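Secondary and tertiary structure notes
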Number of protein chains: 2
Amino acid sequence: MYAVIMAGGKGSRFWPRSRNRLPKHLLDICSEKTIIQETVARMLPLTPPEKILIVTGAAHARELIAQLPEIPEENILIEPVGRNTAPCIGLAALVVRRRAGDDVMAVLPSDHRIGDEATFRRVLAAAAEVAAQGGHLVTIGIRPAGPETGFGYIERGQPVARKGEEEIFRVTSLREKPDAATARAFIAQGGFYWNSGMFIWRATTILNELASSLPDIYAGLREIDVALDTPAEAEVIAAAYGRFRSISIDYGVMEKARDVLIIPADFDWSDVGSWDALWEVSEKDGAGIAARTPGNLINVSARDCLVHSPRKLVALVGVEDLIVVETDDALLVCRRGSSQDVRKAVEALETEKRHEYL
Amino acid sequence: MYAVIMAGGKGSRFWPRSRNRLPKHLLDICSEKTIIQETVARMLPLTPPEKILIVTGAAHARELIAQLPEIPEENILIEPVGRNTAPCIGLAALVVRRRAGDDVMAVLPSDHRIGDEATFRRVLAAAAEVAAQGGHLVTIGIRPAGPETGFGYIERGQPVARKGEEEIFRVTSLREKPDAATARAFIAQGGFYWNSGMFIWRATTILNELASSLPDIYAGLREIDVALDTPAEAEVIAAAYGRFRSISIDYGVMEKARDVLIIPADFDWSDVGSWDALWEVSEKDGAGIAARTPGNLINVSARDCLVHSPRKLVALVGVEDLIVVETDDALLVCRRGSSQDVRKAVEALETEKRHEYL
């Protein structure tokens with residue numbers, strides 16, 4: 001099985017740690033390793049480094065290569081510009097097909113956190129087995145912890161197979177991020193799962209789907225395919241991406257496809273979408289303090305805070321529900337529950353043209 | 001008139017800015033100048049630098065001299081160890097008497113903030129005039145803004161004189177810091193003032209009072225007097241201070257003295273005793289934010305905070321009532337109203353022997 005890790009994320013949600021040159025997946029905010037290092041390490045028991053492809057933007061390739069010395073450099077696929085997931089997955093599928101013919105590829109986000117790696121790999125192996133047997137598009141659905149409005153949902157239909165402990169179902173519909181009432185209805189009804197953004201299929205299967213559902217994208221991919229491994233490769237990719245529209249694989253392919261399956265998964269999963277989400281998944285002390293470097297913390301009656309201060313001593317006195325993040329040039333102090341507004345701070349910096357902080 | 005500025009303060013209340021080597025009066029937390037620079041500048045229209053004495057501890061003398069180049073070095077009196085205000089004032093009175101005979105000296109704390117300098121100088125000039133006329137001990141009383149329990153109180157008696165706009169009263173009692181009920185009773189009764197720690201008297205008057213009220217201290221002062229301006233000076237001062245007990249001028253002299261007068265003063269005054277007090281007296285923007293360097297602040301829905309971050313950009317997102325203080329090696333995030341607990345953070349650092357932060 002090939003693994004294709006999509007590392008095109010930008011995002012200002014982890015400012016001041018995340019910057020234009022350092023998006024979330026390149027940050028060590030969840031553990032000692034960076035998130036993409038964790039993502040790669042999680043796959044290594046299933047697939048060797050030679051079969052791990054990473055798709056990223058030119059601006060982040062150098063740092064990504066430095067963080068992942070075990071990945072061969074020819075496995076780092078560089079998009080000249082981000083066009084959402086459909087072109088990204090198409091490009092990777094071309095490379096898999098060229099190198100390995102009709103192999104199964106698992107498409108994985110680079111910036112999620114998975115607590116229970118053994119279960120994750122068991123689910124992924126089952127998905128690969130199902131995907132290898134036919135022209136299925138297999139998705140992994142996360143059993144929802146609540147009526148979140150920040151995720152797309154997948155509705156399951158009839159069971160179609162069982163692989164070990166995993167049951168596989170037909171997908172009856174994919175739903176974009178719902179409003180709160182709709183999300184509550186999904187949960188009440190049952191049979192809905194969060195869309196994890198993880199897909200497993202044969203390279204040829206997804207290329208066929210792209211050809212039928214997104215012929216304009218597919219035309220560009222064919223041009224790229226001819227140029228791969230030739231001196232014209234970079235130029236042809238740049239030209240094709242210049243013409244590609246931005247479109248997600250969910251909207252462009254999955255919602256129209258007929259043979260979509262889902263494996264419901266119970267592993268501990270988070271897309272770690274904000275500082276608030278990071279506090280939720282972080283290990284906390286008895287006072288609810290999640291400190292990235294506990295030795296740097298003095299706590300006087302403080303509770304339920306997230307503190308990231310790699311170098312500086314931090315004293316919290318009498319405070320509750322704060323996010324405190326310190327970098328060499330900036331400090332964020334944010335109310336817990338308001339971390340979606342961190343982007344407003346970033347927007348203010350953009351408006352003030354303070355590029356050194358972006 | 002001589003001015004004697006007492007700069008013996010230590011204090012951990014402004015941690016992480018204040019450190020063992022850098023007490024509050026040497027910090028620029030109220031303005032561009034340090035507090036002692038403001039204190040000296042405030043006196044210069046009344047008295048020349050040659051008549052300003054500063055009493056400080058050996059550990060802080062170097063920094064103090066660097067901050068006050070206009071003060072002659074022989075005017076910096078160094079105490080080998082702090083013994084509260086009575087020995088400090090006695091030592092300064094010896095020097096004034098030696099240099100200027102029976103001049104009036106104004107004893108002033110080094111670390112208070114005074115908003116209305118013209119009124120301050122008018123009051124001080126009136127006090128000096130009264131003190132010059134007889135053997136009075138003159139104090140400046142601050143009209144209380146409320147029933148504070150953090151100050152000593154002075155009770156006034158009959159009026160005894162008027163100098164321009166200032167009325168002078170006899171003092172009937174000095175009260176140590178009261179409990180809350182007593183403080184409320186003082187305010188309800190009227191005629192009580194906060195003890196500002198500012199005293200005006202002739203050098204000979206206070207030395208006579210020390211002789212009668214604190215004969216043990218006075219014995220040491222006589223030894224010092226003989227040694228002043230001789231090669232034995234430092235050694236004799238060290239020996240005398242080694243024997244001195246710690247005792248305040250209020251408790252040791254003022255409470256027993258018979259001829260104590262008070263000038264009630266209305267100038268804008270604060271002893272700036274904590275980060276909370278500093279927020280109170282600081283200039284604030286429309287959202288109640290007092291930022292030492294407003295250009296370093298990004299405010300997203302934050303209110304009523306104090307932010308001291310001289311170098312680093314600070315983004316406040318959705319927070320209220322915080323004190324945020326950043327230095328090169330430490331960060332304090334404290335609930336407004338809890339800054340008396342900053343000392344607990346300092347105590348924790350002492351317990352953990354993290355001397356680099358003290």
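None of these values were measured; they are calculated from a predicted model.

1. Concerning the overall build of chain A
Scanning chain A from terminus to terminus reveals 11 helices and 17 strands. Here the C-alpha radius of gyration of chain A, 21 Å, is about what a compact globule of 358 residues would show, namely 21 Å. Counting only C-alpha atoms and orienting by the principal axes, one finds that chain A spans roughly 60 × 50 × 35 Å. Looking at the 358 residues of chain A, the share that counts as buried comes to 46%. The contacts of chain A with a sequence gap of at least 6 include a subset with a gap of at least 24, amounting to 64%.

2. Thoughts on the packing of helix 7 (residues 215-227) of chain A against helix 8 (residues 233-243) of chain A
Residue and element names in this part refer to chain A. Two elements in contact, helix 7 and helix 8, have axes whose closest approach is 9 Å; the angle formed by their N-to-C orientations is 175 degrees. It follows that helix 7 is roughly antiparallel to helix 8 by the angle criterion. Between helix 7, through Gly220, Glu223, Ile224 and Ala227, and helix 8, the contact on the second element is made entirely by Glu233, Val236, Ile237, Ala240 and Arg243. Grouping the constituent residues of the contact of helix 7 with helix 8 by class yields 5 nonpolar, 1 polar and 3 charged.

3. Some thoughts on the pairing of strand 3 (residues 76-79) of chain A
Side chains on a regular strand alternate between the two faces of the sheet. Residues and elements named next belong to chain A. Note: strand 2 (residues 52-57) against strand 3, 4 bridges, orientation parallel. Of the residues in strand 3, the one forming a bridge with Val55 is Leu77. On the question of chirality, the crossover connecting strand 2 to the parallel strand 3 by way of helix 2 (residues 58-67) is right-handed.

4. Examining the domain arrangement of chain A
When the parts come together, some accessible area is lost, and that loss is often what is quoted as the size of the interface. Residue and element names in this part refer to chain A. Parsing chain A into structural domains produces domain 1 (2-270) and domain 2 (275-357). Once you take the C-alpha centre of each, domain 1 and domain 2 turn out to be 30 Å apart. Domain 1 puts 9 residues into the contact, and the matching count from domain 2 is 13 residues. Classifying every residue of the side of domain 1 that touches domain 2 by side-chain character gives 4 nonpolar, 2 polar and 3 charged.

5. Brief notes about the packing of helix 3 (residues 85-100) of chain A against helix 7 of chain A
Residues and elements named next belong to chain A. Their axes nearest at 10 Å, the elements helix 3 and helix 7 cross at an angle of 35 degrees. Relative to helix 7, helix 3 is oriented so that their crossing is right-handed. Contacts from Ala86, Pro87, Gly90, Leu91 and Leu94 of helix 3 reach helix 7 at Ile217, Leu221, Ile224 and Asp225. By residue class, the composition of the contact of helix 3 with helix 7 is 7 nonpolar, 1 polar and 1 charged.

6. Regarding the sheet that holds strand 16 (residues 322-326) of chain A
Ordered in space as 12(A)-14(A)-16(A)-17(A)-15(B)-13(B), the 6 strands form an open sheet in which the pairing is mixed. Where the open sheet ends on each side, the last strands, each with one partner, are strand 12 (290-291) of chain A together with strand 13 (297-300) of chain B. Across 5 bridges, the pairing between strand 17 (residues 330-335) of chain A and strand 15 (residues 313-317) of chain B is parallel. By the bridge assignment for strand 15 of chain B, Leu331(A) is matched with Val314(B).

7. Details of the sheet that holds strand 16 (residues 322-326) of chain B
Strand order in this open sheet of 6 strands is 13(A)-15(A)-17(B)-16(B)-14(B)-12(B), and the pairing throughout is mixed. The two strands at the open ends of the sheet, each matched to only one other strand, are strand 13 (297-300) of chain A together with strand 12 (290-291) of chain B. Pairing geometry for strand 12 of chain B and strand 14 (residues 306-308) of chain B, over 2 bridges, is parallel. Opposite Ala291(B), over in strand 14 of chain B, you have Val307(B) as the bridge partner. With respect to the sheet, helix 11 (residues 342-351) of chain B is in contact with strand 13 and strand 15 (313-317) of chain A together with strand 17 (330-335) of chain B, its orientation differing from that of strand 13 of chain A by roughly 135 degrees.

8. Things to note about the relation of the copies chain A and chain B
Two chain copies here: they are related by a rotation about an axis and a translation along the same axis. Mapping chain A onto chain B leaves a residual RMSD of 0.0 Å; the transformation is a rotation of 180 degrees accompanied by 0.0 Å of translation along its axis. Such values leave the two copies arranged in the relation of a two-fold axis. Residue Val333(A) of chain A places its C-alpha closer to the rotation axis than any other residue of that unit, at 4.3 Å. By residue overlap, the copies meet face to face through one surface: 100% of the interface positions of chain A are interface positions in chain B.

9. Things to note about unusual backbone geometry
Residues and elements named next belong to chain A. Between Trp15 and the following residue, Pro16, the backbone shows a cis peptide bond with an omega angle of 5 degrees. Tracing the chain through its elements places Pro16 in the loop between strand 1 (2-7) and helix 1 (35-43). The residue Val272 is not glycine, and still its phi comes out positive at about 45 degrees. Along the chain, the position of Val272 falls in the loop between strand 11 (269-270) and helix 10 (275-281). Residue Val272 is classed as buried on the basis of its 23 C-beta neighbours within 10 Å.

10. Details of helix 11 of chain B
An α-helical turn contains 3.6 residues, so any two residues separated by three or four positions project in the same direction. All of the buried residues in helix 11 of chain B are Val342(B), Ala345(B), Val346(B) and Leu349(B). Buried residues of helix 11 of chain B, seen end-on, are gathered within an arc of 100 degrees and therefore sit on one face of the element. Buried residues along helix 11 of chain B sit in contact with strand 13 and strand 15 of chain A together with helix 10 (275-281) and strand 17 of chain B.

11. What to know about the interface of chain A and chain B
Contacts between the two partners involve 30 residues from chain A, matched on the other side by 30 residues from chain B. Broken down by secondary-structure element, the contributors of at least two residues to the side of chain A that touches chain B are strand 13, strand 15, strand 16, strand 17 and helix 11 (342-351) of chain A. A breakdown of the residues in the side of chain A that touches chain B according to their chemical character gives 20 nonpolar, 4 polar and 6 charged.

12. As for helix 4 (residues 117-133) of chain A
Here helix 4 of chain A spans 25 Å end to end across 17 residues, near enough to the 24 Å set by a 1.5 Å rise per residue. For helix 4 of chain A, every residue scored as buried is listed here: Phe120(A), Val123(A), Leu124(A), Ala126(A), Ala127(A), Ala128(A), Val130(A) and Ala131(A).

13. Describing the confidence of the model for chain A
Chain-level pLDDT for chain A is 96 on average; 100% of the residues reach the 70-or-more range. Taken over the whole predicted complex, pTM reads 0.90, whereas the ipTM for its chain interfaces reads 0.91.

14. Description of the environment of Cys30(B)
All names here are of chain B. With respect to the helices and strands, the residue Cys30 is situated in the loop between strand 1 (2-7) and helix 1 (35-43). Residues Cys30 and Glu283, spaced 253 residues apart in sequence, show a C-alpha to C-alpha distance of 9.6 Å. Sequence-distant contacts of Cys30, defined by excluding residues within four places in its chain, comprise Ile35, Glu38, Arg113 and Val272.

15. As for the environment of Gly115(A)
All names here are of chain A. Considering the arrangement of structural elements, one finds Gly115 in the loop between strand 5 (113-114) and helix 4. Assessed through the 11 C-beta atoms surrounding it within 10 Å, Gly115 is described here as exposed. Taking the C-alpha atoms as reference points, Gly115 and Trp269, separated by 154 residues in sequence, lie 6.2 Å from one another. Those residues within four positions of Gly115 in sequence are excluded, and the remaining contacts are Phe267 and Asp268.

16. Notes on the pairing of strand 10 (residues 260-265) of chain A
Residue and element names in this part refer to chain A. Counting buried residues along strand 10, 5 of its 6 residues qualify, which places the element largely inside the surrounding structure. Two elements, strand 6 (residues 137-142) and strand 10, share 6 bridges in a ladder whose sense is parallel. Bridge assignment links Val138 to a residue of strand 10, and that residue is Leu261. With 2 bridges joining them, strand 8 (residues 166-175) and strand 10 adopt antiparallel strand pairing.

Rules used in this analysis
Residues numbered from 1 in each chain as written. Chains lettered and ligands numbered in written order. Predicted model: local features only at pLDDT ≥ 70, side-chain atom pairs only at ≥ 80, totals over all residues. Helix = DSSP H or I, 4+ residues; strand = E, 2+ residues; numbered from the N terminus. Rg over C-alpha atoms; globule rule 2.2 N^0.38 Å. Buried ≥ 20, exposed ≤ 12 C-beta atoms within 10 Å, placed from the backbone. Contact = placed C-beta atoms within 7 Å. Axes fitted to C-alpha atoms, helices over the stretch in contact; angles between N-to-C directions. Parallel < 35°, antiparallel > 145°, perpendicular 65-115°, else oblique. Nonpolar A, V, L, I, M, F, W, Y, C, P; charged D, E, K, R; others polar. Pairing = 2+ DSSP bridges. Right-handed = clockwise from strand over helix to strand, strands pointing away. Domains from an automatic or database assignment. Left-handed = near helix turned anticlockwise from the far one by under 90°. Least-squares fit on C-alpha atoms with pLDDT ≥ 70 in both. Arc of directions from axis to C-beta. Expected span 1.5 Å × (residues − 1). pLDDT = per-residue confidence, 0-100.

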